[in-house]
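Residue-level structural notes
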Amino acid sequence: MKTKLIAFLLLVQTIVFAQKPCEYVTEVTDSLGTLKETKACLAYERVFGNTTQFIFLSLISDNNTPMLNLQVIQKSPDFIVPKCLDKNSRVYFQLSNGKIYTLMASAESQCDNLIYNSKEKLYNRLLNANFLFLKNDFEDLKKLTISMMRIKFATETMDYVLPKELISEKLKITYSPENFFIDNFKCIE
């Protein structure tokens, strides 16, 4: 009986403290080096009438250089004002201890692409951009949750509170944006 109890407690401890396995959408090693990209995490979703906006985050390691991939997707039956990035664009993450991490846009200038879906009669805008970390100290990112994200576009700045759990109304999947770096940073080291 004592052996079964110890085995049960070890099993429970293993399950509770087991790390989430890394999921990649890209993992390539060739003569040019190694490229890894984690599976995207939905950090923000807004649905208002027929208009939706999604913000997805993923991490990229390009020859051991960490980057954040940001995707902003907007859909609406009405024309959508474009979002652009320039050399001064930044993404800021505020951690639960108050520390702020700043990432800068990797491209000089970039705007989202407009795609009209004639079948659904929707305008779709997609902005896909990479951001570089300004510091090499990632210890806090690996152990602390994110409380807020700020995106500085070329013409506006938007703030987003990242929840512990986000159940997507449109995608029907549950995400953990608050734990984005905790869950994924180990996958690109």
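A short tour of the structure in this document, coming up.

What counts as what
Residues numbered from 1 in each chain as written. Predicted model: local features only at pLDDT ≥ 70, side-chain atom pairs only at ≥ 80, totals over all residues. Heavy atoms only, no water. Helix = DSSP H or I, 4+ residues; strand = E, 2+ residues; numbered from the N terminus. Contact = heavy atoms within 4.5 Å. Polar contact = N/O pair within 3.5 Å; in protein donor to acceptor, adjacent residues only side chain to side chain. Phe/Tyr/Trp six-rings, centres within 6.5 Å; stacked < 30°, edge-to-face > 60°. Buried < 20%, exposed > 50% of the residue type's maximum accessible area, 1.4 Å probe, protein only. Salt bridge = Lys/Arg side-chain N within 4 Å of Asp/Glu carboxyl O.

A look at the environment of Asp-137
Topologically, Asp-137 is positioned in the loop between β11 (122-133) and α2 (139-143). When the C-alpha atoms of Asp-137 and Tyr-101 are compared, they prove to be 9.7 Å apart, with 36 residues separating the residues in sequence. Dropping the residues within four chain positions of it, Asp-137 is found in contact with Lys-99 and Tyr-101. Of the polar contacts made by the side chain of Asp-137, one reaches the backbone nitrogen of Glu-139; its length is 3.5 Å.

A word on the packing of aromatic side chains
For the coordinates displayed, the defined rule picks out 11 aromatic pairs. Where Phe-133 meets Phe-138, the ring centres are 5.3 Å apart and the plane angle is 80°; that geometry is what we call edge-to-face. Side by side, Phe-133 and Phe-138 carry an identical accessibility label, which is buried. When the ring of Phe-133 is compared with that of Phe-181, the centres are 6.2 Å apart and the planes differ by 65°; the resulting orientation is edge-to-face.

Overview of the pattern of salt bridges
Throughout the structure, instances matching the rule amount to 8 salt bridges. Arg-125 is the salt-bridge partner of Asp-112, the closest N and O atoms lying 2.9 Å from each other. On the criterion of sequence distance, the pair formed by Asp-112 in the loop between β9 (110-111) and β10 (113-117) and Arg-125 in strand β11 is long-range, its members being 13 residues apart. Accessibility classification places Asp-112 together with Arg-125 in one group, the buried group. As a salt-bridge pair, Asp-159 and Arg-150 come within 2.5 Å of each other at their nearest N and O atoms. A relative accessible area of 38% means that Asp-159 is categorised as partly exposed. Overall, the relative accessible area of 37% leaves Arg-150 in the partly exposed class. If you follow the salt bridges from partner to partner, you end up with Lys-99, Asp-137 and Asp-140 in one network.

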